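Letter by letter, the chains look like this.
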Amino acid sequence: MPQAPEQDSPRSSAERLARLVHRRWALHVLAEVGASGGAKLVTLVNRTGATPAAARASAEHLVSMGLLAKPSGMGHPLRPEYMLGPRASPVADAAGDVVRWIDRRDAADTLLRKWSLPTLWVLHDAPKRFGMLRDGLPTITDRALSMSLSELGGANFVDYRSLDSRPPANEYRLARRARSLAVPLDALVRAG
């Protein structure tokens, strides 16, 4: 009897999300290639606002993940340099939803940092203490998590409350401003 596919653990899902957003412009590049069906580097630069080096690094990162592909026969002026990989369409659609959410709130400076979206995703289902957050995020250092929480708190994406405990501790949760991001972000994680 065939076994049901094993569900990803929250930690492995956070790890995939962290890998996807490792490059600042990766979501924008993926969304643009998905929306246009393929794109040249110059088009990605013009439509995302990324520098040529950042757009190329993000596109190559997505190629290494199998989300983008380079079509054969490159060099023809009308052929795109990058196209979606075979199973990347749902991920590109979800990336587009997240990008539009971020752009509507003019929050790219905060949310396109390496650990911002993974931190928000780990918080999407329930409030967590610092140690629980750290355990849910792959390879994050205490310093990086502390800086991410500070930046997200300063931009009103994360709230915290001090717990009456010994030793003193804080509990972090999504702020009202970030709650509507939970749906497209969860869709992105599930599509990936």
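As the structure is a computational prediction, the values presented were derived from the model and not from experiment.

Caption draft 1: Seen up close, the overall build of the protein. Along its length, the protein carries 11 helices and 5 strands. In terms of C-alpha radius of gyration, the protein reaches 18 Å, essentially the compact-globule figure of 16 Å for 192 residues. Counting only C-alpha atoms, the protein reaches 65 × 50 × 25 Å along its principal axes. Counting only residues that meet the buried cut, the protein has 43% of its 192 residues in that class.

Caption draft 2: View of the sheet that holds strand E5 (residues 169-174). With antiparallel pairing, 3 strands are arranged side by side in an open sheet as E3-E5-E4. A single partner strand is all that each edge strand has here, and the edge strands are strand E3 (128-129) and strand E4 (158-163). Pairing geometry for E3 and E5, over 2 bridges, is antiparallel. If you follow Lys 128 over to E5, its bridge partner there is Tyr 172. Contacting E3, E4 and E5, helix H7 (residues 116-123) crosses the sheet at an angle of about 95 degrees to E5.

Caption draft 3: Structural context of the packing of aromatic side chains. Inspection of the entire model under this criterion finds 2 aromatic pairs. Aromatic side chains Trp 101 and Phe 157 sit 6.1 Å apart centroid to centroid with 50 degrees between the ring planes, which places their arrangement in the tilted category. Residue Trp 101 is located in helix H5 (residues 89-104), and its partner Phe 157 is located in the loop between helix H9 (142-154) and E4; the two are separated by 56 residues in the primary sequence. Between Tyr 160 and Tyr 172, the aromatic rings sit 6.0 Å apart at their centres with planes inclined by 40 degrees, giving tilted as the arrangement. One end of the pair, Tyr 160, is in strand E4; the other, Tyr 172, is in strand E5, and 12 residues separate them in sequence. The exposure class assigned to Tyr 172 is buried, which follows from its relative accessible area of 12%. Lying over the aromatic face of Trp 25, Arg 24 brings its terminal NZ or CZ to 5.6 Å of the ring centre.

Caption draft 4: Just the environment of Ala 108, in detail. Following the sequence through the fold, Ala 108 ends up in helix H6 (residues 108-111). Relative accessible area serves as the criterion here: at 19%, Ala 108 is assigned to the buried category. When the C-alpha atoms of Ala 108 and Leu 152 are compared, they prove to be 12 Å apart, with 44 residues separating the residues in sequence. Among residues more than four places away in sequence, those in contact with Ala 108 are Arg 24 and Ile 102.

Here is what the cut-offs are and how they apply
Residues numbered from 1 in each chain as written. Predicted model: local features only at pLDDT ≥ 70, side-chain atom pairs only at ≥ 80, totals over all residues. Heavy atoms only, no water. Helix = DSSP H or I, 4+ residues; strand = E, 2+ residues; numbered from the N terminus. Rg over C-alpha atoms; globule rule 2.2 N^0.38 Å. Buried < 20%, exposed > 50% of the residue type's maximum accessible area, 1.4 Å probe, protein only. Pairing = 2+ DSSP bridges. Contact = heavy atoms within 4.5 Å. Axes fitted to C-alpha atoms, helices over the stretch in contact; angles between N-to-C directions. Phe/Tyr/Trp six-rings, centres within 6.5 Å; stacked < 30°, edge-to-face > 60°. Lys NZ or Arg CZ within 6 Å of the ring centre and 35° of its normal.

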